[in-house]
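# Results of the structural survey
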Amino acid sequence: MQRASLISIGHHLAVAAIAILAVDVGFAGQAVAQDAASSLASNMAGLGSGIPALISNNGADGSTSYSLSLQILALMTAITVLPSLVLGMTSFTRIIIVLSILRQAMGTQQTPPNQVLIAIALFLTFFIMSPTLTTIYDTAAEPYLNGSVSAESALSSASGDMKKFMVMNTRKDDLNMFMDLAEKGAVETPEDVPLTVLLPAFITSELKTAFQIGFLLFLPFLVIDMVVASVLMSLGMMMLSPMLVALPFKLLLFVLVDGWSMTVGSLVATYAV
């Protein structure tokens with residue numbers, strides 16, 4: 001009997017503890033719900049004035065200034081499209097194609113490696129584009145950083161300088177073809193050419209010029225291959241690879257004529273800046 005009474009007392013104590021816990025949880029949940037409701041109400045009330053991190057202000061002169069968060073967002077977006085800009089608006093495409101064709105003509109397989117060719121193309125691109133980039137910094141980037149011009153004015157000035165470079169290095173036939181395809185009329189200045197027309201015309205012109213230069217570079221090495229193959233055929237050395245025998249003569253010819261300086265100098269001289 002004593003044991004049964006102890007069990008009954010323990011059962012009642014457990015039920016009482018559970019009831020107290022439930023009451024506490026209910027009060028806590030109600031408090032949390034009230035806090036969440038008040039926080040949500042304050043946030044909804046703040047939406048009417050705009051999110052502080054993403055705002056833009058209109059100046060008295062009609063210009064628009066953006067918050068730091070929006071500027072960082074625009075910068076990150078620009079970084080993501082930077083490779084496309086390097087490929088489509090600079091001299092990088094022509095240089096890397098010519099260097100790749102030159103390596104294939106020499107038959108050196110992966111020498112120089114791709115990383116070296118890309119580094120050479122990048123440094124030559126910076127060298128060729130330095131006058132244009134300097135002008136963009138002086139007329140667009142520096143005034144914008146000083147706060148003297150708006151973002152729209154700086155972007156318009158920078159795009160105008162890039163258009164001048166691309167128009168000067170784009171074939172007229174390619175530019176006229178894309179102007180006709182887009183049904184655009186005649187323009188008076190390079191700044192009037194829309195980027196939607198100028199970009200494909202410029203990249204098409206770059207590809208055409210790169211393959212023409214590559215063809216001229218390929219011819220002397222092709223002659224060496226034909227001569228070596230004919231000599232080996234006449235000597236009856238059928239099992240000896242002509243490419244293996246011709247490689248030292250190609251390297252000797254390229255070194256004797258100072259091929260790297262000639263190729264790089266010719267590439268730089270093909271651009272008007």
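Residues numbered from 1 in each chain as written. Predicted model: local features only at pLDDT ≥ 70, side-chain atom pairs only at ≥ 80, totals over all residues. Heavy atoms only, no water.

Attention now moves to the overall build of the chain. On a plain count of helices and strands, the chain comes out with 10 helices and 2 strands. Taken from N to C terminus, the helices and strands of the chain fall in the order α-β-β-α-α-α-α-α-α-α-α-α. Of all 273 residues assigned to the chain, the portion counted as buried reaches 25%. A separation threshold of at least 6 residues defines the contact pool for the chain, and within that pool the share at least 24 residues apart is 67%. As presented, the chain carries roughly 17800 Å² of accessible surface, and 71% of it is formed by carbon and sulfur atoms. (Helix = DSSP H or I, 4+ residues; strand = E, 2+ residues; numbered from the N terminus. Buried < 20%, exposed > 50% of the residue type's maximum accessible area, 1.4 Å probe, protein only. Contact = heavy atoms within 4.5 Å. Areas by Shrake-Rupley, 256 points an atom, 1.4 Å probe, with all protein chains shown as cover.)

Here we come to the layout of surface pockets. Of the volumes computed, that of the second largest pocket is approximately 180 Å³. Lining the second largest pocket are V167, L175, N176, M179, K184, G185, A186, V187, E188, T189, P190 and V193. Counting residues per element, the lining of the second largest pocket draws most heavily on helix 7 (residues 172-181), at 3 residues. Among the residues making up the lining of the second largest pocket, the classes are represented as 7 nonpolar, 3 polar and 2 charged. (1 Å grid on protein atoms, 1.4 Å probe; cavity = no way out; pocket = protein on both sides within 12 Å on 5 of 7 lines; lining within 4 Å. Points joined across faces, edges and corners; volume = space filled by probe spheres on them. Nonpolar A, V, L, I, M, F, W, Y, C, P; charged D, E, K, R; others polar.)

On to a nonpolar patch on the surface. Together, V223, V227, V231, L235, M237, L240 and L244 line one region of the surface with nonpolar side chains, adding up to about 630 Å² of accessible area. The element best represented in the nonpolar patch is helix 8 (residues 195-234), accounting for 3 residues. Position of V223 relative to the elements: it lies in helix 8. (Patch = residues over 30% accessible without salt bridge, like charges linked within 9 Å, V, L, I, M, F, W, Y side chains within 5 Å. Salt bridge = Lys/Arg side-chain N within 4 Å of Asp/Glu carboxyl O.)

A word on the packing of aromatic side chains. The full count for this structure, using the stated rule, is 4 aromatic pairs. On the numbers, 6.2 Å between centres and 10° between planes, the contact of F165 with Y271 is stacked. Of this pair, F165 sits in helix 6 (residues 151-168) while Y271 sits in the segment after helix 10 (259-269), placing them 106 residues apart in sequence. With respect to class, F165 is no different from Y271; both count as buried. Through successive ring pairs, a cluster of aromatic residues spans F165, F202 and Y271. The residue whose ring lies beneath R94 is Y271, and the NZ or CZ to ring-centre distance is 4.0 Å. (Phe/Tyr/Trp six-rings, centres within 6.5 Å; stacked < 30°, edge-to-face > 60°. Lys NZ or Arg CZ within 6 Å of the ring centre and 35° of its normal.)

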